[in-house]
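# A look at the structure
Chain by chain, the residues run as shown.
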Amino acid sequence: MGAGGSAGARGRRAREDALELARRSREAYELAGRFEAAAEAERRVAATLLSLTALGWRLLVDRRWPGSRSANVDMITVGPGGVFVIDVKRWRDVPRVDDGRLTAGAQDRDGEVRKLLAMTRTAEEQVAALGLSPVAVRPLMVFAGHRLDTELGRVRLLGDPDAVNALVAEPKRLTPAMVRAVTAHLEEAFPAYETTVLDERPRASTSSDTEGEALFAVEEVEQAAMESLLHAPIEQWMTFLHADQVALARRDWSGPARISGPAGTGKTVVGLHRAAHLAARGTGRILYVTYVNNLPRVQGQLFRRMAGTFADRVEFTSLHAWAQAFLADRGVHVPLKRDRAADAFSRAWVSVGRDSLLTEIDPNPGYWEEEIHYVIKGRGLSSLDEYRSVARYGRRTALQTAHREAAWLLYEEYEMLRGERGVCDFSDVLLAALAELSERPADPPYAAVIVDEIQDLTLTGVRLLNALAGDGPNGLLLIGDGQQAVYPGGFRLGEAGIGIKGRGAVLRTNYRNAAEILQTAMELVSDDPFDDLDGPSPNGRRSVDLTYHDGRVLRVEAADGADHDQRLVEAIKELADGPGAFADMAVLCRSLKEIGDYHRLLTRAGIPVLRLENYDGRPVDAVKLGTYRRAKGLEFKYVFLPHHDADLPASTKEAAADQERAELARRQLFVAMTRARDLLWLGSVTGTSGRARREDRRSR
Ligand SMILES: Nc1ncnc2c1ncn2[C@@H]1O[C@H](COP(=O)(O)OP(=O)(O)OP(=O)(O)O)[C@@H](O)[C@H]1O
């Protein structure tokens, strides 16, 4: 249930708010009259905004603009909906927004927009020290005597009768304590003029020339109050960040930059705020890219709630979806057919792989398919000579020259069979997009490219994004964590021609996981080395600060599969203690086959299920179900991992390829575990059937 309770209660509350505002508006009008030199227009606007004090808003009037000798800021209002820097306009001509320009009576008024934006930036800088993100600070022009509600970039343009409705309708961002703290800070930063005395204590109302004339329509305000109550509450991180996070989101970088840090340390949060900051500063488009397909939908949804004003300026997409759309736009036909490409690989394996020396290293064709996609094509290698000497970052199994030659033969066979079928794989899409982009740059270019989960990209993918963003100031931001790599790629940024010297930042405070959950997850990978774009890390032990909150790890050791599944269903039902309770749960599995099994199991048990591929971040009262890989970047209050240990090897004395596979399996499990905020349910089968199942898996 959203803020505000039932529909009836919300309606009552909206009505009460509207009536209280109307009552206050009379007093406010009197009060605003004492504002020196108050022209009627300013008085009405001040009165309108002052009445909002009834709903927890504060108003600063006629303040000095720090850094300027004589300029003033008409008003700043701070309330549950955020901070608004206000310029009041008394224009006879009707203000118009046409083609991104503000005009009145055929006169260009863009200079005034620029000035208001500059004042807003000053306010942003001031409150950044408190951790308030720029997304909560907005420029607002109020036009006395006109009716208007529109936007010009990030500037909101409102007629004075529309101002109250618009502010009341804003989703709730700041608590009363935050409103007090931010107001106190701004009062100091934007000092009052000596001559301005505005006592905010309401006085008993006296007769006035506006007797009987309402400053706004009660019904409209009631409607606006209702709108605000219907918005999903704005989460704290969408408005307030740690001061280090705000600094990163606002930093000026002279070239490509990188943000890293262990799981749950707010990397994506900074990336989203950075996108909003860049959108506020410029007019160009911003591309926010990840590797996983459904994550862009979730991130786009979060961004719309956080900084809706810029939603149409930031494109959220997966790398492959972007590359396919780009090629289609350029008229380049790349027939992506995964199944037919996979079939070509199977045949290539049968003809030149399965009886070759590759099986000495790993008899599993999957290993070699990955070698082709992540190493050979993933790095855009074009000759055996290159492949002979290339460093295979991210792959721990050493290959002798003879093995490399055999792998290259397999690659050539695969390419021939794929070509015969006239189909392409994912790597071809990226290679074609890179070639196309090298011929002709993107038009219009992106002002900035932000890449999340960079550790999962191949070198070709990163080269593509670098070509798209260029190496100009604030152009390319790479966000990621090598410890969470769930694909066997690997590269150094230098290989992609990207230099980030002096432009790297590491986040260290985990905001997501309860301590016990994070500890359990960290223990799993603490001995595993990992590769982190600018160099290897000898083990997985990392220093992380915790923001302690309650939570637990629940280990369930079942006698057999049926017992295990029954206990899973019971645990889910036990936690589902009210409407909407399923929305915060996720069951994450190791394979698509397991997903099918658990979909059936949960549905039969009467538990609503939503597959992660259909999830866009909006609350749905259903348990989310997906693979570990699909859960990347997401988080849930309760996470259930059935048969979580079935892929983990019992012994550490394994061949190199097995060790590599085991490390990857641990990293994937680590990612799944760190999706849990409050409860991590770890299911395993310890009876003979469980062991048999594990052994069976290992022998495959
Ligand atoms: N300043 C903050 N205050 C409160 N909560 C925060 C803050 N920053 C981040 N969070 C919370 O931490 C969670 C994790 O953040 P985020 O998803 O950005 O981390 P991440 O480093 O990208 O994680 P991962 O690498 O595991 O995907 C967010 O969903 C948010 O709830």
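Counting restarts for each chain, with residues numbered from 1 along the sequence as it is written. With the structure being a predicted model, the display of local features is reserved for residues of pLDDT at least 70 and the display and counting of side-chain atom pairs for 80 or more, all residues being used for whole-chain, interface and lining totals. Values shown for side chains rest on all heavy atoms present in the structure; no hydrogens or waters enter the calculation.

## So, the pattern of salt bridges
The condition that has to hold: The rule for a salt bridge is simple: a side-chain nitrogen of Lys or Arg has to be within 4 Å of a carboxyl oxygen of Asp or Glu. Runs of H or I in DSSP of at least four residues are treated as helices and runs of E of at least two as strands, each being numbered from the N terminus. Type-normalised accessible area, obtained with a 1.4 Å probe on protein chains alone, sets the label of each residue: buried when under 20%, exposed when over 50%, and partly exposed for intermediate values.
Scanning all chains against the criterion turns up 48 salt bridges. Note that Glu315 is salt-bridged to Arg285, the shortest N-O span being 3.6 Å. With Glu315 in strand S12 (residues 314-318) and Arg285 in the loop between helix H8 (267-281) and strand S11 (286-290), this residue pair connects regions lying 30 residues apart in the sequence. Of the residues examined, Glu315 reaches a relative accessible area of 29% and is grouped as partly exposed. Among the residues examined, Arg285 registers a relative accessible area of 32% and is labelled partly exposed. The salt bridge partner of Arg618 is Asp616, with a shortest N-O separation of 2.7 Å.

## With respect to the layout of surface pockets
Spelled out, the test is: Grid points spaced at 1 Å and placed over the protein atoms alone form the basis of the search, with a cavity being a set where a 1.4 Å probe fits but cannot get out and a pocket an open set showing protein on both sides within 12 Å along at least five of seven lines. Lining residues have an atom within 4 Å of a point. Grid points are joined across faces, edges and corners, and a volume is the space filled by probe spheres set on the points. Any residue that is not Ala, Val, Leu, Ile, Met, Phe, Trp, Tyr, Cys, Pro, Asp, Glu, Lys or Arg is counted as polar, Gly included; the first ten are nonpolar and the last four charged.
Approximately 1,500 Å³ is the volume found for the second largest pocket. Lining the second largest pocket are 50 residues, and of these Glu235, Trp237, Leu302, Glu635 and Arg677 lie nearest its centre. Listing elements by their share of the lining of the second largest pocket, those giving two or more residues are helix H6 (218-230), H8 and helix H9 (295-307). Looking at the lining of the second largest pocket residue by residue, the classes come out as 21 nonpolar, 15 polar and 14 charged.

## Re the site of the ligand
To keep things clear, this is the line we draw: We call a residue near a molecule or strand when any one of its heavy atoms sits within 4 Å of it. The definition of a polar contact used here is a pair of N or O atoms within 3.5 Å, where within protein one atom must be able to donate a hydrogen and the other to accept one, and adjacent residues in sequence count solely through side-chain atom pairs. Areas reported here follow the Shrake-Rupley algorithm with a probe of radius 1.4 Å; residue values treat only the protein chains shown as occluding. The way we define it, a molecule is inside a pocket or cavity when more than half of its atoms are within 2 Å of that pocket's grid points.
Lining the immediate surroundings of the ligand are 20 residues, of which Gln245, Lys267, Val269, Glu635 and Arg675 lie closest. In the environment of the ligand, a nitrogen atom lies 2.7 Å from a nitrogen or oxygen atom belonging to the side chain of Gln245. In the environment of the ligand, an oxygen atom lies 2.9 Å from a nitrogen or oxygen atom belonging to the backbone of Thr268. In the complex, the protein chains occlude 89% of the 630 Å² of accessible area that the ligand would expose alone. A molecule is said to occupy a pocket when more than half its atoms come within 2 Å of that pocket's grid points, and by this definition the ligand occupies the second largest pocket. It is H8 that provides the largest number of residues to the shell around the ligand, a total of three residues.

## Focus on the packing of aromatic side chains
Each aromatic ring pair is characterised by the separation of its centres together with the angle its planes make. As a reminder, the rule being used: Two rings from Phe, Tyr or Trp (for Trp, the six-membered ring) form a pair when their centres are within 6.5 Å of each other. A pair whose planes differ by under 30 degrees is stacked, one over 60 is edge-to-face, and the rest are tilted. Either the NZ atom of lysine or the CZ atom of arginine qualifies as a charge over a ring when it sits within 6 Å of the ring centre and within 35 degrees of the ring normal.
Scanning the model with the defined rule gives 13 aromatic pairs in all. A ring pair is formed by Trp57 and Phe84, whose centres lie 6.1 Å apart and whose planes are at 40°; its orientation type is tilted. Linking Trp57 in the loop between helix H2 (40-50) and strand S1 (58-64) with Phe84 in strand S3 (residues 82-89), this pair joins segments that are 27 residues apart in sequence. This pair shows no difference in class: Trp57 is buried, exactly as Phe84 is. Members of the aromatic cluster, joined through ring pairs, are Tyr288, Phe303 and Phe316. Sitting above the plane of the Tyr393 ring, Arg492 keeps its charged end 3.8 Å from the centroid.

## A word on the nonpolar core
As a reminder, the rule being used: Among buried residues, those of type Ala, Val, Leu, Ile, Met, Phe, Trp, Tyr and Cys that are joined through side-chain atoms within 4.5 Å constitute a nonpolar core. Contact criterion: two residues are considered in contact whenever any of their non-hydrogen atoms come within 4.5 Å of each other.
Counting 38 residues, the largest nonpolar core has Trp322, Val449, Val451, Leu464, Leu465, Leu468 and Ile498 as the members making the most contacts within it. When residues of this core are traced back to their parent elements, those giving at least two are S11, helix H10 (319-329), helix H16 (426-439), strand S13 (448-451), helix H17 (459-469) and strand S14 (476-480). Here this core gets six residues from one element, more than from any other, and that element is H17. Setting aside chain neighbours within four positions, we find Ile498 in contact with Pro256, Val462, Asn466, Leu476, Leu478 and Leu493.

## Side note on the sheet that holds strand S8 (residues 149-152)
Stated formally: For two strands to pair, DSSP has to find at least two bridges joining them. To get an axis, fit a line to the C-alpha atoms, keeping to the stretch in contact for a helix; angles then go from 0 to 180 degrees between the N-to-C directions.
With respect to topology, six strands assemble into an open sheet ordered S1-S2-S3-S7-S9-S8, the strand pairing being mixed. With one partner strand each, in any of the chains shown, S1 and S8 form the two edges of the open sheet. In this sheet, neighbouring strand axes are inclined to one another by 25° on average, regardless of whether the strands run parallel or antiparallel. Bridging between S3 and strand S7 (residues 137-143) involves seven bridges; their strand directions are parallel. Within S7, the residue paired with Val88 across the bridge is Val142. Here helix H3 (residues 110-128) sits on the sheet in contact with strand S2 (72-79), S3, S7, S8 and strand S9 (155-159), set at roughly 145° to S7. Relative to S1, helix H5 (residues 176-189) is tilted by about 10°, and along the sheet it contacts S1, S2 and S3.

## Let's talk about the pairing of strand S23 (residues 623-627)
In terms of burial, S23 is largely enclosed, as five of its five residues are buried. In the sheet, strand S21 (residues 585-589) pairs with S23 via four bridges, with the strands oriented parallel. When the sheet's bridge partners are listed, Val587 is paired in S23 with Leu625. In terms of strand pairing, strand S22 (residues 609-611) meets S23 through three bridges, oriented parallel.

## Describing the confidence of the model for the protein
To be explicit about the condition: The pLDDT value expresses, per residue, how confident the predictor is, ranging between 0 and 100.
With 90% of its residues at a pLDDT of at least 70, the protein reaches an overall mean of 87. Within the protein, no element has a lower average pLDDT than helix H22 (residues 688-699), which sits at 47, and none a higher one than S21, at 98. Contacts for the low-pLDDT stretch residues 195-212, under 50 throughout, to residues beyond four places or in other chains number 30 contacts. The model gives residues 689-700 a pLDDT under 50, and that stretch makes 18 contacts with residues more than four places away or in other chains. This prediction of the complex comes with two scores: 0.87 for pTM and 0.98 for ipTM.

## Details of the packing of helix H19 (residues 561-575) against helix H20 (residues 592-604)
What counts here: For classification purposes, an angle smaller than 35 degrees is called roughly parallel, one larger than 145 roughly antiparallel, one from 65 to 115 roughly perpendicular, and anything else oblique. If you view the pair so one helix is near and one far, a crossing is left-handed when the near helix is turned anticlockwise from the far one by less than a right angle, and right-handed when it is turned clockwise.
The interhelical angle for the contact between H19 and H20, taken along N-to-C directions, is 55°, at an axis separation of 11 Å. Viewed along their axes, H19 and H20 adopt a mutual orientation that is oblique. Where H19 crosses over H20, the handedness of that crossing is right-handed. From H19, His564, Asp565, Leu568, Val569 and Ile572 reach across to H20, where they touch Tyr598, Leu601 and Leu602. Residues that form the contact of H19 with H20 fall into these classes: six nonpolar, one polar and one charged.

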